[in-house]
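Residues per chain are reported as follows:
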Amino acid sequence: MAAKAETVSLVGAGLNGPLLALGLVKRGFHVEIYERRPDMRRSRISAGRSINLALSKRGIHALSEAELWDQMRQIIIPMKGRMMHSVTNELTFQPYGKDDEEVINSISRAELNIALMNAAEAQGVLIHFQQRCTGIDPQKGTLQLRDGKTGTNRVLESPVVIGCDGSASAIRGEMLKQSRFNFSQQYLDYGYKELTIPAGTDGKHVLETNALHIWPRGNYMLIALPNVDGTFACILFIPFEGPDSFTRLSTSSAVINFFHSRFPDAISLMPHLADNFFANPTGAMVTIKCSPWHVDGRVLLLGDAAHAIVPFFGQGINCGFEDCSCLLELVDRRGADWERISREFEAARKVNTDAIADLAVENFVEMRDRVADPRFLFRKKVELALEAKYPRLFVPKYSMVTFHRIPYAIALRRGQVQDLMLTELCDGIDRMEGLDWSKADRLIRSRLTPLELVS
Ligand SMILES: Cc1cc2nc3c(=O)[nH]c(=O)nc-3n(C[C@H](O)[C@H](O)[C@H](O)COP(=O)(O)OP(=O)(O)OC[C@H]3O[C@@H](n4cnc5c(N)ncnc54)[C@H](O)[C@@H]3O)c2cc1C
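Trainee: So what's going on with the side chain of K350? Residues and values would help.
Mentor: Here K350 lies in helix α10 (residues 338-368). For K350, a relative accessible area of 17% puts it in the buried group. Contacts of K350, omitting those with residues within four sequence positions, involve K289, C290, S291 and W293.

Have a look at this one:
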């Protein structure tokens, strides 16, 4: 029988869980969230994974729908472009978009998480902490939970369960037991390590504030995003094994020597580098694709639980928040018909989440390697010039993903067509004066149809 429940249980009070819960409770549902960790507002725990996130158009749109964006914009730092640091300490700035509106925004993961939980609770969502989901029974409509304080287990009746429990989802693990469940996971050979650049003695940023800093080094890279307290959250992305790899960075002196030779201007700003390096865990990065995302409208996956992606397009949470927008729109149309909502949700989203998963892997090569190449920087200039002349026809791939809500699958497809076109137009030239505008006009008009740009 199809689920028509007005009561919904969510597993996971990370970023997507509370945002979705807020939307559901506003639409009249009774929503309870079960979260395995303690309440981060009461005990000092890490919000998990990266300290800060880049928030862009899709995330902002969902936060605006939830009437939270005005509050969030108080705690963001706009990043207008990439600041590239060469090995000889030269700086090159490359804007992300065509104007000051086209920026990405650095935001603290913990602050965002806390704001979302506060907002959800204020509307009546109940969040139960230290409740780990250990299993589900979609046929019986039950959820199994273990209490982290007492160690006791209980079984809860729950007609509809939505798994917002992240990339290592326990709910998805249970769905693997269903027949004909498709699942793939692809780890990168790279890991990541979080590091910090402290604030200067005046409490201010010691590097340009309104930029995402990148030290691209071909096979690996360091990045830094500004925090409102004057610090930068840095992430080193490097292979697990090989000549330049985590296996070689096993002692303090190896780490310090490596940074001295590869990131000389960064190490001078990192007095606690070795301590940081060995105190913080080494993270892995994975792309997860699966289907179906639901069982008979009783159990549904959303966010990283349904589609974990690698972080190189800064889209994980933007994509997850877009999932929330999409699901809530379906609830507006279909009421409590969860079977239909689940089916339509997967049909609308999977093609797009598969596309952003591929785009994110592709962007890794761009960030760690190509951004240091003058030819790449020239192509970026040409892209922006083409966009200025043909705003509805030619929108750079990065902009389609980051500054618009153009479906990811369309951004992927058009991006491929545009990449070929750019290769044809930039071949043999390195100055804007050399650009053949009549050829550009012909290529654009013959290969691209006008885009529908929604705000
Ligand atoms: C290094 C790095 C950098 C990133 N940078 C960006 C960025 O710049 N921009 C961006 O948009 N995205 C970024 N992301 C991706 C982003 O972090 C994720 O897409 C986002 O956190 C997913 O949200 P979620 O709510 O689906 O899962 P999560 O945020 O992982 O939340 C899942 C929640 O479920 C809880 N949970 C897990 N298992 C259970 C269980 N069995 N029972 C109960 N609770 C459970 C967890 O404790 C957690 O609170 C980055 C990711 C990484 C790793």
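Once the structure has been displayed, the description carries forward.
Trainee: A description of the pattern of salt bridges should follow, citing residues and the corresponding values.
Mentor: Under the counting rule described, the total for this entry stands at 28 salt bridges. Between E383 and K380 there is a salt bridge, with its nearest N and O atoms 3.5 Å apart. Taken together, the residues E383 and K380, both in helix α11 (residues 374-389) and three residues apart, mark about one turn of the helix. Given a relative accessible area of 8%, E383 falls into the buried group. A salt bridge links R431 to E433, with the shortest nitrogen-to-oxygen separation between them at 3.2 Å. Of the two residues, R431 and E433, both sit in the exposed class. A single network of salt bridges, built from pairs that share partners, joins D39, R41, R42 and E121.

Trainee: Go over the packing of aromatic side chains, please, and point to the residues and values.
Mentor: Within the structure shown, the criterion is met by 18 aromatic pairs. On the basis of an interplanar angle of 65 degrees and a centroid distance of 4.8 Å, the ring pair of F237 and F312 is categorised as edge-to-face. Of this pair, F237 sits in strand β16 (residues 232-239) while F312 sits in the loop between β19 (299-301) and α9 (316-334), placing them 75 residues apart in sequence. Each of the two residues, F237 as well as F312, counts as buried. Pairing F277 with F278 gives two aromatic rings, centres 5.2 Å apart and planes at 70 degrees, and the pair type is edge-to-face. The exposure class assigned to F277 is buried, which follows from its relative accessible area of 2%. Exposure remark for F278: the relative accessible area of 40% places this residue in the partly exposed category.

Reading the values: the criteria
Residues numbered from 1 in each chain as written. Predicted model: local features only at pLDDT ≥ 70, side-chain atom pairs only at ≥ 80, totals over all residues. Heavy atoms only, no water. Helix = DSSP H or I, 4+ residues; strand = E, 2+ residues; numbered from the N terminus. Buried < 20%, exposed > 50% of the residue type's maximum accessible area, 1.4 Å probe, protein only. Contact = heavy atoms within 4.5 Å. Salt bridge = Lys/Arg side-chain N within 4 Å of Asp/Glu carboxyl O. Phe/Tyr/Trp six-rings, centres within 6.5 Å; stacked < 30°, edge-to-face > 60°.

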